[in-house]
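This is what each chain is made of:
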Amino acid sequence: MCGRFALLAKADLMREFLNVVNMEDPPARYNIAPTQPVLIVVASEKQEPGSNLPERKAMLVRWGFMPGWVKDPRDFPLLINARAETAIGKASFKAAMRHRRILVPASGFFEWRRPAEKGAKSQAYFIRPKKGEVVAFAGLMETWSSADGSEVDTGAILTTAANNDVARIHDRMPVVIRPEDFSRWLDCKTQEPRDVVDLMTPIDDGFFEAIPVSDRVNKVANMGPEILEAVVEEALPETKKGAHAPPPSDQLSLF
C-alpha cells in the first residue's frame, strides 16, 4: 500500500518533468498523510491545433477517494489506495478509471516492515527513486458532491505488486508511470482502461532504493526534514507476509 509519501521537488523541476505551467513553488512536504491536500496533474481540455497552451494542469485534491454515488461520507471508508489489478471492475473506481486518471508527483513513499513476532518493533523506510528527485504515481480522481451542492475533489493512488526492491519490506507498492507514458495514461478520451493495463505493472527492479528511517514518520504532526534522516537498520526476524505497520490514523485505507 501507500499510506504516507513526501514531495520535496521545486516547482521548476516539476514543471519540466510533468510539462505543466500553472505551478508555483510548493512547500517541502516530508510526511503527507491521508485526508490532506495533495498535488496532482490532470489532462487539460483539448487545445486547438497550433495552440501553445500546456497539455496538463496541476491542482489539489483531498487524499481519500470518494465515489460520486456515495450519499453520506460518514458511512463510507476512506479509500487512499486502489488495487491496479481490480480497479477497472470495482464499483468504487470503475468510472474514474475510464474518465479521471491522474498523476501524483512524489519524491518517495514510506513503508513499514513488520516482524512476525507479536509486539516486535516495526522498521520504517523511505523508498525513493535512485535517480532523479521526483516520480509520478498513477492515481484516480473523483469529485464528490454533497446534498447542499458543495463539492470536494478527492483522489487515490493505484498500487501493484511489489518489485524486488520493495518486496522484502511489503508486498504492495505504488504504480509508477514513466514520463514517456504520461500522455497515454492521462488520455481518457481515446485510451480506455484496457488500453493502459500495461502501465499498471511493477516498476523495474533497481528503480527504487529503501532508506531505513526512524519512527518519527508514524506521527502526522512530525513534518520536518528529520523524518528522512537515515538510521541503522536493525536485523529483523522473519517478516509477516504482506504485513505493514502504518500509524493508527491510517487504518482507514481499503485497497
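Residues numbered from 1 in each chain as written. Predicted model: local features only at pLDDT ≥ 70, side-chain atom pairs only at ≥ 80, totals over all residues. Heavy atoms only, no water.

Under an unreviewed UniProt entry, the name given to the chain is Abasic site processing protein, and the source organism is Shinella kummerowiae. Per UniProt, the chain carries the Sequence similarities (unreviewed entry) text "Belongs to the SOS response-associated peptidase family." (UniProt positions renumbered as here; feature names shortened; annotations may be inferred.)

S.K.: Which parts of the structure should I look at to understand the nonpolar core?
M.R.: Buried together is how nonpolar side chains tend to be arranged in soluble globular proteins. One finds Phe5, Leu18, Leu103, Phe109, Phe137, Leu158 and Trp185 to be the most contacted residues of the largest nonpolar core, which totals 65 residues. At seven residues, the largest contribution of residues to this core is made by strand S9 (residues 135-145). Leave out the neighbours within four places in its chain, and leucine 103 touches Leu18, Leu39, Ile40, Val41, Ala136, Phe137, Ile177, Phe182, Trp185 and Leu186. With eight residues, the next largest nonpolar core counts Ala6, Phe110, Val213 and Ile227 among its residues. (Core = buried A, V, L, I, M, F, W, Y, C linked by side-chain atoms within 4.5 Å. Buried < 20%, exposed > 50% of the residue type's maximum accessible area, 1.4 Å probe, protein only. Helix = DSSP H or I, 4+ residues; strand = E, 2+ residues; numbered from the N terminus. Contact = heavy atoms within 4.5 Å.)

S.K.: I keep staring at a negative patch on the surface and nothing clicks. Help me out?
M.R.: Residues Asp12, Glu16, Glu24 and Asp25 make up a contiguous surface patch of negative charge. The residue aspartate 12 is located in helix H1 (residues 11-18) in this model. (Patch = residues over 30% accessible without salt bridge, like charges linked within 9 Å, V, L, I, M, F, W, Y side chains within 5 Å. Areas by Shrake-Rupley, 256 points an atom, 1.4 Å probe, with all protein chains shown as cover. Salt bridge = Lys/Arg side-chain N within 4 Å of Asp/Glu carboxyl O. Lys, Arg positive; Asp, Glu negative; His and termini not counted. Charge placed at Lys NZ, Arg CZ, Asp CG, Glu CD.)

S.K.: Would you mind showing me how to read the pairing of S9 here?
M.R.: On any regular strand, side chains alternate: one points to one face of the sheet, the next to the other face. The element S9 is largely enclosed, with a buried count of nine among its eleven residues. Here strand S6 (residues 101-106) pairs with S9 via six bridges, running antiparallel. Bridge pairing in S9 places proline 105 opposite alanine 136. With seven bridges joining them, S9 and strand S10 (residues 151-161) adopt antiparallel strand pairing. Looking across to S10, one finds that threonine 143 is bridged to aspartate 153. (Pairing = 2+ DSSP bridges.)

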